[in-house]
Structures are given as C-alpha cells and as structure tokens.
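Report on the structure
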Amino acid sequence: MKAPVWDLPIRLFHWLLTGLIGFSWWSVRFDHTDWHIWSGIAILTLLVFRLLWGFFGSSTARFANFVRGPAAVVAYLRDSSSWRAAGHSPLGALSVVALLAAIAVQVGLGLFSTDPDGLFEGPLASLVSIDATDTARDFHELWFYVLLALIVMHIGAILYYRFMLSTKLTSSMISGRLALKPGTEPMRPARWWVAVLCLAAAFAVARWVVAGAPPISP
Amino acid sequence: MRNALLAATVAAVMLAGCQQAADNPAANADTPTGQVLPIRDNAAVLVRAPATKAAALKLMHDRHESMEQIGKAMKVAGRELKASAPNLAAVRASAATIASLAPKVPSWFPPGTGPDVGKTMAKPEIWQKPADFAARTKSFQQAALAFNAAAQGTDLTTIKAKFGDMAKTCKGCHDPYRTEHKK
C-alpha cells in the first residue's frame, strides 16, 4: 500500500530545478548567456519558495522534521528502523541541505558575475567592482564542479536504493507516493493556498533582485 | 621570468598605444555622430604565419591579453552607460581603447596560431572560413569606430545604440569562432 510522501509543490520544485540546472549548463555552454541569467533567476525563485516551504509547507518538506544533528545521523546509520517518519532520513537530509546550499551559492555568485566580454551581467553585478564581478565569475565556474559532485552523489544514492534496497525513489518523486513500513508517520499536507503565498513571496524577492536590489521604502 | 618581462613590455606598449588614442579623441571629434571612419585594409596581415613556435605562442598570449583589454573596456563603458549619470570621460577612454585595438584584430589570427599549436579558445574554423572571419572582424572594426565617433558627442541614446551594435559584433564572432573552454 503506497502512501503520499511528497506533495505537489515539492515535486514541481524538484523537477523544475532539475530541468533549470540542465538548461543553465546548456545555455551558457552554447552562447545563450541571456537565457542563462534568466534561468538563474528562475532557480533563485524556486530556492526562495523551497526555503519558505521548509517552514510552512507539508510535514515532509519542513526542515524541522528531517534535519537532525550528527547523533541522529549515526543512530540512523546503525539502525535505519530508528527513523520512523515519511520523507527524508537524517542521512538524506544532509544531502538535501548540501544540495540546496550549493545551489544557493552558485546562484549567489552568478548574480554578481559578468561575462568576460562585458556583454552580460548578473542583476547585482553593478553593486560591486568590475574586478569583483570577474572573481565572482571565476568562482561561479569552479563551484559548478562542486554542484556536479553533489548531483553525482545524489544520483548514486538513488541507484543504491533502486538496486540494493529495491526502492524506486525516482518514481516516488513523480507520483508523490511510496510504500511505507508499518508504523511510519504519514505526511501531513499543507493547505494549497500556503503554497500560493510562498510562491508569491518568492516572486517578490526575485523581482527585487532583478531590479538590482534597490533600497526598500515602506 | 623572461615571459613575465615580455608580457610586461607588451602590456606597456599597448597601454602606451591606448594612452595615445585616449589622449587624442579630438581627432575624431569633427566626425559626425554615427558615421563610420575610413578603415585600413587588413587582409594582407592575415596571411603570414609566425616563423617559430615560440613566436606563435607569444602572439597567442598577447592576443589573449588584448582581447581581455577590450573586454575590460567593454565592462567600464557598459557600466557607465547603465548608470543614471554616466561618466562620459570613462566611456570615451574605453571607446578609444576599443577603437585602437579593433583594427588590429585580424593581425592577431595568422595561420599557425590555432588550438593545434597551443592553448587557445580560438576555433580551427577561423582558418577554414577566412573570408567569413575577415568579414566579421571588419564588422567589429566598423562598429568600434562608430561607437568611438558617437562617444565624442553627448547624445546618450546614440552612444548606447552604437555600444549595443558593437556588442552584437563581439558576439557575432565569438559564437562561431571561440570555444567556451580552453583546451
């Protein structure tokens, strides 16, 4: 019997993020730097949404419900049955936090970057010196490899679950449902309008960044 | 050490070159805004390959430095033109730098300075389609001179338009003839 574990906002977030990261790589590699910048802004919007959804969203999306300290991670590694909630395990939480943080760093660097030719720039580039925008781009290029390493580990973990534990995580991220062990706490979904509010807030933040982060006057 | 010295000398010579251009914007001041200045024919300089590998590598290194210099001037001008009150002196200095380097671009790509010789982002297609490459560098040259001419005036709309036109000619050559990563 399969039970809901990932709500619709989380699944949309996951697959839009996946698609946009791929598109970001492709667009900058094949000389569409303008699209690359907009893709980064779309990713920023998703990240802000995810952050808010991590506080106000469904139970499996809330950071408080799955981010745990080292002791809980070790306990989980010794005995996986010690963790009884649907969604991310304490070990998986490390991966989630690392991926979200790494993507946030990458977007942050991109916002302050210019291309080597001086033809394109991130929306916040004019807030710093020209040399700083070049440095930001250098780190933006290097940090991609950090992101790539985390993505490889993420896919590795999914393959491990698929072939060693016979658990299809990819299909559960599509359907939102997964067979749970008896006694597992089910997901408590959030109201749909909370997602709308989080998304509206995310758009507002992205718009403010696109405008070059002007001072906010009440 | 020798390389560093060479690079410093080359940089100094180039800086001197653009200083000259920057000091002398009046030369173009009487050119009507937007009019394209006469262009020397650079077709001849494209053909001669460097005599030695060392000379080729030096040329490639200098080419990279000069391209970066153009990029830097683009960033300065672009930033000023986006500002609410652009510093036109900075725009003029950048325009002069670019206009002084643009006519030299074809001479930076003689045969024997491609990726088979050393580390470069230049694609082999440059030497496979010399006519197209020459046409594109010429477009850049014309656009750079037009931008420089416009920058002598104070009409921001025209200056911005000519800057945008020039930016397109950078991309027009980089997209087909430059790789994203150094090999």
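Since the structure is predicted, the reported quantities are computational estimates derived from the model, not experimental observations. (Residues numbered from 1 in each chain as written. Chains lettered and ligands numbered in written order. Predicted model: local features only at pLDDT ≥ 70, side-chain atom pairs only at ≥ 80, totals over all residues.)

**Considering the overall build of chain A**
What chain A contains, in helices and strands, is 8 helices and 2 strands. For chain A, the α and β elements follow one another from N to C terminus as β-α-α-α-α-α-α-α-β-α. On C-alpha atoms alone, chain A measures out to a radius of gyration of 19 Å, which is about the 17 Å that the 2.2 N^0.38 rule sets for 218 residues. Taken over the C-alpha atoms alone, chain A extends approximately 60 × 40 × 30 Å along its principal axes. For chain A, long-range pairs separated by at least 24 residues make up 68% of all intrachain contacts whose partners lie at least 6 apart in sequence. (Helix = DSSP H or I, 4+ residues; strand = E, 2+ residues; numbered from the N terminus. Rg over C-alpha atoms; globule rule 2.2 N^0.38 Å. Contact = placed C-beta atoms within 7 Å.)

**As for the overall build of chain B**
Looking only at helices and strands, chain B has 7 helices and 0 strands in total. Listed by position from the N terminus, the elements making up chain B come as α-α-α-α-α-α-α. Counting over 183 residues, chain B shows a buried share of 31%. (Buried ≥ 20, exposed ≤ 12 C-beta atoms within 10 Å, placed from the backbone.)

**Here's the deal with the packing of helix H1 (residues 8-29) of chain A against helix H2 (residues 33-56) of chain A**
Residue and element names in this part refer to chain A. Running from N to C, H1 and H2 cross one another at 155 degrees; their axes reach a closest spacing of 9 Å. Taken together, the axes of H1 and H2 lie roughly antiparallel to each other. Relative to H2, H1 is oriented so that their crossing is left-handed. Seen from H1, the contacting residues are Pro9, Phe13, Leu16, Leu17, Leu20, Phe23, Ser24, Ser27 and Val28; seen from H2, they are Thr33, Trp35, His36, Ser39, Gly40, Ala42, Ile43, Leu46, Phe49, Arg50 and Trp53. (Axes fitted to C-alpha atoms, helices over the stretch in contact; angles between N-to-C directions. Parallel < 35°, antiparallel > 145°, perpendicular 65-115°, else oblique. Left-handed = near helix turned anticlockwise from the far one by under 90°.)

**Some points on the interface of chain A and chain B**
In this complex, chain A contributes 9 residues to the contact, which on the side of chain B involves 13 residues. Split by residue class, the side of chain A that touches chain B holds 3 nonpolar, 3 polar and 3 charged. (Nonpolar A, V, L, I, M, F, W, Y, C, P; charged D, E, K, R; others polar.)

**Observations regarding the environment of Asp134 of chain A**
As for its position among the elements, Asp134 of chain A is in helix H6 (residues 130-164). Taking C-alpha positions, Asp134 of chain A is 39 Å from Ser89 of chain A, a pair spaced 45 residues apart along the chain.

**Some thoughts on the confidence of the model for chain B**
For chain B, per-residue confidence averages 79 on the pLDDT scale, and residues scoring 70 or more make up 73% of the total. Low pLDDT (under 50) marks residues 1-46 of chain B, which in the prediction has 58 contacts with non-local residues, meaning those over four places away or in another chain. (pLDDT = per-residue confidence, 0-100.)

**Thoughts on the environment of Tyr76 of chain A**
All names here are of chain A. Looking at the secondary structure, you find Tyr76 in helix H4 (residues 70-78). Its 18 C-beta neighbours within 10 Å are what place Tyr76 among the partly exposed residues. Distance from Tyr76 to Val146, taken between C-alpha atoms, is 26 Å for residues 70 residues apart in sequence.

**A word on H6 of chain A**
Residue and element names in this part refer to chain A. A rise of 1.5 Å per residue sets the reference length of H6, with its 35 residues, at 51 Å; its end C-alpha atoms lie 51 Å apart and thus fit the reference within 8%. On the buried face of H6, the contacting elements are helix H5 (90-111). Positive phi shows up at Ser166, right after H6, with a value of about 50 degrees. (Expected span 1.5 Å × (residues − 1).)

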